[in-house]
Amino acid sequence: MERYIEELFPPDPDLRRVLEGIRERGMPEISVPTGYGRLLTLLVAMSGARQVLEIGALGGYSGICLARGLGPQGRLTSLELLPEYAELAAAQLEAAGFGGRTEYRVGDAGRSLEALKAEGRRFGFFFIDADKGGYPRYLDAAIELAEPGAVIVADNTLLRGRVADPARTGPSVLAMREFNRRLAEDPRLAGTLLPAYDGLAVMRVIG
Ligand SMILES: C[S@@+](CC[C@H](N)C(=O)[O-])C[C@H]1O[C@@H](n2cnc3c(N)ncnc32)[C@H](O)[C@@H]1O
């Protein structure tokens with residue numbers, strides 16, 4: 001089914017260029033899949049968010065999908081650990097026409113999130129897609145940085161099924177179970193998990 005979805009949509013030159021850039025540089029080929037990239041564009045547009053925060057940029061694939069959902073006043077802020085990845089992502093966003101509306105912050109996302117809090121920044125949409133062990137901390141930070149009604153989306157929340165296997169107790173699995181449990185039980189959140197691909201969490205901050 002996933003291959004069917006990948007092949008359903010017409011070629012997308014900007015996104016193909018991102019994937020080629022990642023392959024040429026030997027970077028990990030772990031951009032969001034086509035179906036979820038398109039969903040990110042839809043969700044940003046439907047949310048009406050003007051400020052979007054991405055955690056985990058890689059080569060800019062999800063960044064382009066997020067930026068496509070923004071209106072003319074919208075801005076994307078993206079946090080990326082590795083300078084060479086952030087550089088490639090910034091170049092790809094520029095080539096896709098979003099250069100003037102995108103800011104990359106390099107370094108550990110935890111530190112960048114603290115800086116954003118100290119600056120009093122607020123966001124209407126978050127996309128979490130960095131180190132899996134950090135997801136609970138990133139969720140806490142997103143709630144703190146959220147405008148009322150903000151949307152939070154996170155990728156890989158099923159960890160290829162490992163979250164549902166009681167025999168798996170590695171740090172990423174434990175962190176992701178904690179993240180998913182929070183989605184289900186935190187009274188400030190209303191959300192769900194989509195089970196396609198590697199699992200996508202979609203939630204709103206309601207209180
Ligand atoms: C799955 S990839 C992101 C894919 C990207 N969202 C996309 O779909 O195009 C995860 C990214 O998170 C970055 N990352 C890992 N740990 C991080 C951290 N502590 N702070 C910020 N970025 C981190 C990695 O360098 C990598 O680029």
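Use the structure listed above.
Residues numbered from 1 in each chain as written. Predicted model: local features only at pLDDT ≥ 70, side-chain atom pairs only at ≥ 80, totals over all residues. Heavy atoms only, no water.

Colleague: What am I meant to see in the site of the ligand here?
Modeller: The environment of the ligand is made up of 20 residues, and the closest members are V32, S62, E80, D108 and D129. Taking S62, its side chain carries an N or O atom lying 2.8 Å from a nitrogen atom of the ligand. When the ligand sits alone it has 590 Å² of accessible area, and the protein chains cover 91% of it. Class assignment of the residues belonging to the shell around the ligand gives a composition of 12 nonpolar, four polar and four charged. (Near = heavy atom within 4 Å. Polar contact = N/O pair within 3.5 Å; in protein donor to acceptor, adjacent residues only side chain to side chain. Areas by Shrake-Rupley, 256 points an atom, 1.4 Å probe, with all protein chains shown as cover. Nonpolar A, V, L, I, M, F, W, Y, C, P; charged D, E, K, R; others polar.)

Colleague: Got a minute to help me understand the packing of helix α6 (residues 109–118) against helix α7 (residues 135–145) in this structure?
Modeller: Axes are the key here: two packed helices are described by the angle between their axes and the distance separating the axes. Here α6 crosses α7 at 15°, and the two axes come no closer than 10 Å. Regarding the angle of α6 to α7, the classification is roughly parallel. Relative to α7, α6 is oriented so that their crossing is left-handed. Note on element contacts: α7 touches α6 through R137, Y138, A141, E144 and L145, opposite A109, G110, L113, L116 and K117. (Axes fitted to C-alpha atoms, helices over the stretch in contact; angles between N-to-C directions. Helix = DSSP H or I, 4+ residues; strand = E, 2+ residues; numbered from the N terminus. Parallel < 35°, antiparallel > 145°, perpendicular 65-115°, else oblique. Left-handed = near helix turned anticlockwise from the far one by under 90°. Contact = heavy atoms within 4.5 Å.)

Colleague: Where do I start with the packing of helix α2 (residues 13–24) against helix α5 (residues 83–95) in this structure?
Modeller: With their axes 10 Å apart at the nearest point, α2 and α5 run at an angle of 160° to one another. Relative to α5, the element α2 is oriented roughly antiparallel. Crossing hand, α2 versus α5: right-handed. For the pair α2 and α5, contact is made by D14, R17, V18, G21 and I22 and by L88, Q92 and A95, respectively. The residue inventory of the contact of α2 with α5, partitioned by class, reads four nonpolar, two polar and two charged.

Colleague: What am I meant to see in unusual backbone geometry here?
Modeller: Leaving glycine aside, a negative phi is the common case for residues, and trans is the common case for peptide bonds. One non-glycine residue, R160, lies in the positive phi region at around 55°. Position of R160 relative to the elements: it lies in the loop between β5 (146–155) and α8 (171–185). Residue class for R160 comes out exposed when judged on its relative accessible area of 62%. Despite not being glycine, Y197 has its phi angle at roughly 50°, a positive value. (Buried < 20%, exposed > 50% of the residue type's maximum accessible area, 1.4 Å probe, protein only.)

Any functional reading would require information beyond the geometric quantities listed.
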